[in-house]
Every structure is written in C-alpha cells, then in structure tokens.
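The primary structure of each chain is shown beneath.
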Amino acid sequence: MFGRLFGTNQKAKTQTKAPNLNDSIQQLRQATTQLEKREVHLEKKIQVCLNNAKAKSKRRDKKGALYELKKKKQLEGQLQSIQGKKLNLETQIMALEDAHLNQQTLK
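Notes on the structure in this doc start here. Treat the numbers as computed from the prediction; the structure is a model and nothing was measured.

**Structural notes on helix 3 (residues 21-58)**
In an α-helix, one turn spans 3.6 residues; hence positions three or four apart end up facing the same way.
So, point 1. In this model, helix 3 (38 residues) spans 56 Å end to end at C-alpha, consistent with the 56 Å of a helix rising 1.5 Å per residue.
So, point 2. When helix 3 is considered as a whole, its buried residues turn out to be L21, S24, I25, L28, T32, L35, E39, L42, I46, C49, A53 and K56.
So, point 3. Buried residues along helix 3 sit in contact with helix 4 (62-106).
So, point 4. In the stretch just after helix 3, R60 is the one whose phi turns positive, near 65 degrees.

**Examining unusual backbone geometry**
So, point 1. Even without being glycine, R60 reaches a positive phi, approximately 65 degrees.
So, point 2. Residue placement: R60 occurs in the loop between helix 3 and helix 4.
So, point 3. Taking the relative accessible area as the measure of exposure, R60 reaches 78% and is therefore exposed.

**Details of the side chain of K86**
So, point 1. Residue placement: K86 occurs in helix 4.
So, point 2. Those residues in contact with K86 that sit more than four places away from it in its chain are T32, L35, E36 and E39.

Definitions and cut-offs
- Residues numbered from 1 in each chain as written.
- Predicted model: local features only at pLDDT ≥ 70, side-chain atom pairs only at ≥ 80, totals over all residues.
- Heavy atoms only, no water.
- Helix = DSSP H or I, 4+ residues; strand = E, 2+ residues; numbered from the N terminus.
- Expected span 1.5 Å × (residues − 1).
- Buried < 20%, exposed > 50% of the residue type's maximum accessible area, 1.4 Å probe, protein only.
- Contact = heavy atoms within 4.5 Å.

Written out as structure tokens, the structure is:
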C-alpha cells in the first residue's frame, strides 16, 4: 500500500543481469536476416516501378511515368538505408565475436 506512496525499492530494479553474449549475437543475426528480407522485397518493388514507368512512357503518360520514377527513387533511398543498417549490424556482430574470442583466450 505504501509502496505507491513512497516508491519502490530502487536496488531491486538496478540489479538486472547483463545480456548473454551469444544471445546478443543471435539477436543481431536475426535482425540482419529481417533486413535482408526487406531488402529483397524493396528490390522487387523497384523493378516493378521501373517496368511500370517504361510501360507508361510507351503509352505517352508522362506524368504517370514521372510518378513511378519518383517512387523508384524513394524506394532506392530506403534500400540504401537498409544496406547501411545491415553493414552496421554485421560490424557489431564481428566486434562481439572478437570480444567473445578474447574472453575465451583470457580464461
């Protein structure tokens, strides 16, 4: 009853376990696979936009073709962002694996 009034024990909240190194590496790998799936999906959407733009250009629909090209450019920006995120995750995975290797060598 008085816990809400005066607050809870702060020591119990601060004593959390450090994340396991293998679990962290596994989570990063899962995130990488999710990004790869998204990357493949975006590449397919970019190809569809390009095909639509070509088709609209043949039908003399200049506005529609420009719209498709703008959409393609936006998707390419998202693709570049995902590739950068993937590179960062792979760098973190390598750093964690190196730390794990160093930890094992020192034991």
